[in-house]
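So the chains spell out like this:
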Amino acid sequence: MSSEKIRVGEGSSSSSGAITIAPPHNHHHQPSPAPRLSRYESQKHRDWNTFGQYLKNQRPPVPLPQCNYNNVLDFLRYLDQFGKTKVHLHGCLFFGQPEPPGPCMCPLRQAWGSLDALIGRLRAAYEENGGLQETNPFASGAIRVYLREVRDSQAKARGIPYKKKKKKRSNLQIKVSNNSDGAISATFQLQSS
């Protein structure tokens, strides 16, 4: 069993009570465990591996450097079979109803928000894995058009219009006044619209 020295707040001028843990003095260094990835980083890694596997399973297999936006569009359509969002077709009685009163035979699809987030992660992963920003198939205009069409069609099918959230603007107002004794005071007021 190893012993560790714990010094609390020695030589520290802060009142936070810093703790310093000194490793035991032995000659066998154990490798430190790899840092835990954030949820985003873990998901990005899984998505990248899934896309790579998808390309390998194509007939013939598609090498990553030869991948283009058509491969990405095919991948997004392939993922629809695993979707959980009901998208009513034009002939469906429930088309355009936000809360349909009963079940229907319309297909399940990937939700637009999920696809949009997926493309963002894959765009980042592509460049982190040596791809050039100029040739990134996930950043193609065709992908943006496809995502916009998915968003609009899902919004119509569910009867919920998509409204882009507007960024709130903040105004900073400063009022300067002179007091009776000659001192100047300033009042700051932050307003959000």
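Everything here concerns the structure above.
Definitions and cut-offs
- Residues numbered from 1 in each chain as written.
- Predicted model: local features only at pLDDT ≥ 70, side-chain atom pairs only at ≥ 80, totals over all residues.
- Heavy atoms only, no water.
- Phe/Tyr/Trp six-rings, centres within 6.5 Å; stacked < 30°, edge-to-face > 60°.
- Helix = DSSP H or I, 4+ residues; strand = E, 2+ residues; numbered from the N terminus.
- Buried < 20%, exposed > 50% of the residue type's maximum accessible area, 1.4 Å probe, protein only.
- Lys NZ or Arg CZ within 6 Å of the ring centre and 35° of its normal.
- Polar contact = N/O pair within 3.5 Å; in protein donor to acceptor, adjacent residues only side chain to side chain.
- Contact = heavy atoms within 4.5 Å.
- Salt bridge = Lys/Arg side-chain N within 4 Å of Asp/Glu carboxyl O.
- Expected span 1.5 Å × (residues − 1).

J.: For the packing of aromatic side chains, give the residues involved together with the corresponding values.
T.: Aromatic ring pairs are reported here in terms of the distance separating the ring centres and the angle at which the planes meet. Enumeration over the complete set of coordinates arrives at nine aromatic pairs. Measuring from centroid to centroid gives 6.4 Å for Phe75 and Tyr78, while their planes differ by 25°, and the two rings are stacked. Residue Phe75 and its partner Tyr78 are located together in helix α2 (residues 69–79), separated by three residues, close to a single helical turn. Judged by its relative accessible area of 34%, Tyr78 is partly exposed. Connected via pairs of aromatic rings, a cluster forms that spans Trp48, Phe51, Tyr54, Phe75, Tyr78, Phe82, Tyr126 and Phe138. Sitting above the plane of the Trp112 ring, Arg151 keeps its charged end 6.0 Å from the centroid.

J.: Explain the side chain of Gln110 residue by residue, including any values.
T.: Tracing the sequence through the fold places Gln110 in the loop between β4 (108–109) and α3 (112–128). What makes Gln110 buried here is its relative accessible area of 17%. From its side chain, Gln110 meets the backbone oxygen of Leu79 in a polar contact 3.0 Å long. Those residues within four positions of Gln110 in sequence are excluded, and the remaining contacts are Leu79, Asp80, Phe82, Gly83, Leu115 and Gln154.

J.: Describe the environment of Leu73, listing the residues and the values that go with them.
T.: One can find Leu73 in helix α2. The spacing of Leu73 and Tyr146 is 73 residues in sequence and 7.8 Å in space, taken between C-alpha atoms.

J.: Give me the pattern of salt bridges: which residues, what numbers.
T.: Scanning the model with the defined rule gives five salt bridges in all. When the shortest N-O distance is used, the salt bridge between Arg121 and Asp47 registers 2.5 Å. Placement of the pair is Arg121 in helix α3 and Asp47 in helix α1 (residues 39–56), with a sequence separation of 74 residues. Classification of Asp47 by relative accessible area gives buried; the value is 8%. With a shortest N-O distance of 3.2 Å, Asp152 and Arg151 are connected by a salt bridge. Where salt bridges share partners, they join Glu41, Lys44 and Glu128 into one cluster.

J.: Can you explain helix α4 (residues 141–158)? Please cite residues and give values.
T.: Here α4 spans 26 Å end to end across 18 residues, near enough to the 26 Å set by a 1.5 Å rise per residue. Considering only its buried residues, α4 is in contact with α2, β4 and α3. N-cap assignment for α4: the residue whose side-chain oxygen lies 3.1 Å from the backbone N of Ala142 is Ser140. In the segment just after α4, Gly159 is the residue with positive phi, at about 70°.

Don't take any of this as a statement about function, it's just geometry.
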